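Residue-level structure breakdown
As a plain string of letters, each chain reads:
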Amino acid sequence: LVYVGLLAWDYPTHWPTAWTDIMALLEKGPNLVDMFMRILVTFDQEVISDEVPRSQEERQRTHVIKHAMREADVGRLAECWYAIIGTF
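In this report, the structure presented in the accompanying data block is examined. Per chain, residues are indexed from 1 in the order of the written sequence. It should be noted that, the model being predicted, local features are given only for residues of pLDDT at least 70 and side-chain atom pairs only at 80 or more, the latter also being counted only at that level, while totals for whole chains, interfaces and linings use all residues. In computing side-chain properties, one takes all heavy atoms of the structure into account and sets aside hydrogens as well as water.

1. Brief notes about the packing of helix H3 (residues 30-48) against helix H5 (residues 74-87)
If you want to describe how two helices pack, look at the angle between their axes and the distance between the axes. Two numbers describe how H3 lies on H5: the axes approach to 12 Å, and their chain directions differ by 130°. In terms of orientation, H3 and H5 fall into the oblique class. The way H3 lies across H5 gives a crossing that is left-handed. Side by side, H3 and H5 meet where Val33, Phe36, Met37 and Leu40 of the first sit next to Leu77, Cys80, Trp81 and Ile84 of the second. Residues belonging to the contact of H3 with H5 are distributed by class as follows: 8 nonpolar, no polar and no charged. Between N-to-C directions, angles cover 0 to 180 degrees, with each direction set by a line fitted to C-alpha atoms, over the stretch in contact for helices. Strands are runs of DSSP state E lasting at least 2 residues, helices are runs of H or I lasting at least 4, and numbering of each runs from the N terminus. What sets the label is the angle itself: under 35 degrees gives roughly parallel, over 145 gives roughly antiparallel, 65 to 115 gives roughly perpendicular, and the rest give oblique. A clockwise turn of the near helix away from the far one marks a right-handed crossing, whereas an anticlockwise turn of less than a right angle marks a left-handed crossing. Two residues qualify as a contact provided that any one of their heavy atoms is within 4.5 Å of a heavy atom in the partner residue. Classification convention: Asp, Glu, Lys, Arg as charged; Ala, Val, Leu, Ile, Met, Phe, Trp, Tyr, Cys, Pro as nonpolar; all other residues, Gly among them, as polar.

Written as structure tokens, this is what we have:
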């Protein structure tokens, strides 16, 4: 939850490599893969999901995050998911 909080606060403006940084750890083993998957689920629930009521300011912030992810990280995240599915 702490990592997700940091992502929500600092990505992409102050920490544009946040997703790349966590993806680089995946080769360290299954525990890091499990942590990565939990981060993704929590990030979706806490930041991305449209099912959670948000203020206008929060909606604007999530829009910035989603746009940055589409531009820079979604392709690499999808590659990670594919590799995880193929490995585990």
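The discussion continues.
2. Here we look at the side chain of Asp10
Along the chain, the position of Asp10 falls in helix H1 (residues 2-10). With a 1.4 Å probe rolled over the protein chains alone, any residue whose accessible area is under 20% of its type maximum counts as buried; one over 50% counts as exposed, and the rest are partly exposed. We count Lys and Arg on the positive side and Asp and Glu on the negative side, and we leave His and both chain ends out. Salt bridges are defined by distance alone: a side-chain nitrogen of Lys or Arg within 4 Å of a carboxyl oxygen of Asp or Glu. No salt bridge forms around the buried Asp10; measuring N to O, its nearest opposite-charge neighbour Arg61 is 6.6 Å away. In contact with Asp10, other than residues within four places in its own chain, are Trp15 and Arg61.

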